[in-house]
Amino acid sequence: MLLTKVADLNETPEPLVLADVPIPQPKDREVQVRVFACGVCHTELDEIEGRTPPAFFPMILGHQVVGEITALGQGATRFKKGSRIGVAWINAACGSCLHCRNGLENLCTAFVATGRDVPGGYAEYMTVCEDFVYPIPQSFSHVEAAPLLCAGAIGYRSLRLTGMTDGETIGLVGFGASAHLVIQMIHFQFPSSKIFVFARSEAERVFARSIGAAWTGDMTETPPESLRYAIDTTPVWRPVVEALKNLDRGGRLVINAIRKDDSDKSSLMDINYQDHKWLEIEIT
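Summarised in this report is the structure supplied together with it. Keep in mind the model is a prediction, meaning the values are calculated, not measured. (Residues numbered from 1 in each chain as written. Predicted model: local features only at pLDDT ≥ 70, side-chain atom pairs only at ≥ 80, totals over all residues. Heavy atoms only, no water.)

A closer look at the overall build of the protein
The helix and strand tally for the protein stands at seven helices and 16 strands. Taken against the 2.2 N^0.38 rule, which gives 19 Å for 284 residues, the C-alpha radius of gyration of the protein at 20 Å falls within 12% of a compact globule. Seen through its principal axes, the protein has C-alpha atoms that stretch 55 × 40 × 40 Å. A burial count over the protein gives 45% of its 284 residues as buried. For the protein, the centre of its 26 positive side-chain charges and the centre of its 34 negative side-chain charges are spaced 5 Å apart. (Helix = DSSP H or I, 4+ residues; strand = E, 2+ residues; numbered from the N terminus. Rg over C-alpha atoms; globule rule 2.2 N^0.38 Å. Buried < 20%, exposed > 50% of the residue type's maximum accessible area, 1.4 Å probe, protein only. Lys, Arg positive; Asp, Glu negative; His and termini not counted. Charge placed at Lys NZ, Arg CZ, Asp CG, Glu CD.)

Section: helix α4 (residues 151-162)
Over its twelve residues, α4 extends 17 Å from the first C-alpha to the last, a length consistent with the 16 Å expected when each residue adds 1.5 Å. For α4, every residue scored as buried is listed here: Ala151, Gly152, Gly155, Ser158, Leu159 and Thr162. Seen along its axis, α4 keeps its buried residues to an arc of 130°; they face one direction. (Expected span 1.5 Å × (residues − 1). Arc of directions from axis to C-beta.)

Observations concerning the packing of aromatic side chains
Taken as a whole, this structure holds four aromatic pairs when the rule is applied. Between Phe175 and Phe207 the ring centres are 5.7 Å apart and the planes differ by 70°, which places this aromatic pair in the edge-to-face class. Note that Phe175 is positioned in the loop between β11 (170-173) and α5 (177-189) and Phe207 in helix α6 (residues 202-210), a separation of 32 residues in sequence. When its relative accessible area of 5% is taken as the criterion, Phe175 is described as buried. Between Phe196 and Trp215 the ring centres are 6.0 Å apart and the planes differ by 80°, which places this aromatic pair in the edge-to-face class. You can see Phe196 sitting in strand β12 (residues 195-198) and its partner Trp215 sitting in strand β13 (residues 215-217), a full 19 residues away along the chain. The same class applies to Phe196 and to Trp215, which are both buried. (Phe/Tyr/Trp six-rings, centres within 6.5 Å; stacked < 30°, edge-to-face > 60°.)

What to know about the state of the cysteines
Counted according to the given criterion, the structure contains zero disulfides. No disulfide involves Cys41; its sulfur sits 3.9 Å from the nearest other cysteine sulfur, which is in Cys150. The closest cysteine sulfur to the non-disulfide-bonded Cys129 is located on Cys100, 10 Å from its own sulfur. (Disulfide = S-S within 2.5 Å.)

Comments concerning the pairing of β12
Judged by which residues are buried, β12 turns out to be covered on both faces: Ile195 and Val197 on one side and Phe196 and Phe198 on the other are all buried. For β11 and β12, the ladder comprises four bridges, and the chain directions are parallel. Bridging from a neighbouring strand, Val173 pairs with Phe198 of β12. The β-α-β motif built from β11, the intervening α5 and the parallel element β12 has right-handed crossover chirality. Relative to β13, β12 is paired through three bridges, and the arrangement is parallel. Bridging across to β13, Val197 finds its partner in Thr216. Once you follow β12 into α6 and on to β13, the crossover reads as right-handed. (Pairing = 2+ DSSP bridges. Right-handed = clockwise from strand over helix to strand, strands pointing away.)

Geometry only, nothing functional implied.
Shown next as structure tokens:
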């Protein structure tokens, strides 16, 4: 499925084009992957509409890939042909800069994104640097594993960045693919903590309660207790403002988003920073 140009989804509801393209061949230290499943991420909408545009066109989107290694490039030794593996957002990085050496490859100046800078998983075959290929346990089906490679990974990283401990209160702002996995992580790691969920739709709030939210409400509602921590996974700014209002003194908000839409950016001016002089914001 090819994206041939930036498109407004309101005007072009089907922006991807089905086409035959040559099967990509792996270069040095790359592997070729036959795709079994590829998850769909909000970042694809950002790519289609130009907020995070592809490096070139046409581009094959998709970065939550589960597949099988079908060929090895020169020097690729980490995996064998036939291995079931996953491919995530990071397709390649330099491996030698300060950020790479500290496990922060997403900050590398040579960072290459799967499905944005190089062709991704909305295809039958793709290639990727072997350093960013992950073995998939047999306990997961292809479809179960795919969302873990983005929604699960960034959710886990956000939870880790909060620094929370068991018994502390946390808010999940937005309840999509990432947050519904994070709530399960919190229950497992911090069973005594209360989880408050802020979501737009009643369906999302019902779902959140069904998997353990202690309270749910709309983005503008006030939870029964102040939040020690909050994780925002929305694509807009207004929920950030509302989350800041609910943080306790010294609280931390982790913003989990590749970028925010500018349509409501002026809402940031609504914050009374004097009231929140002790807050801490971690942007991931």
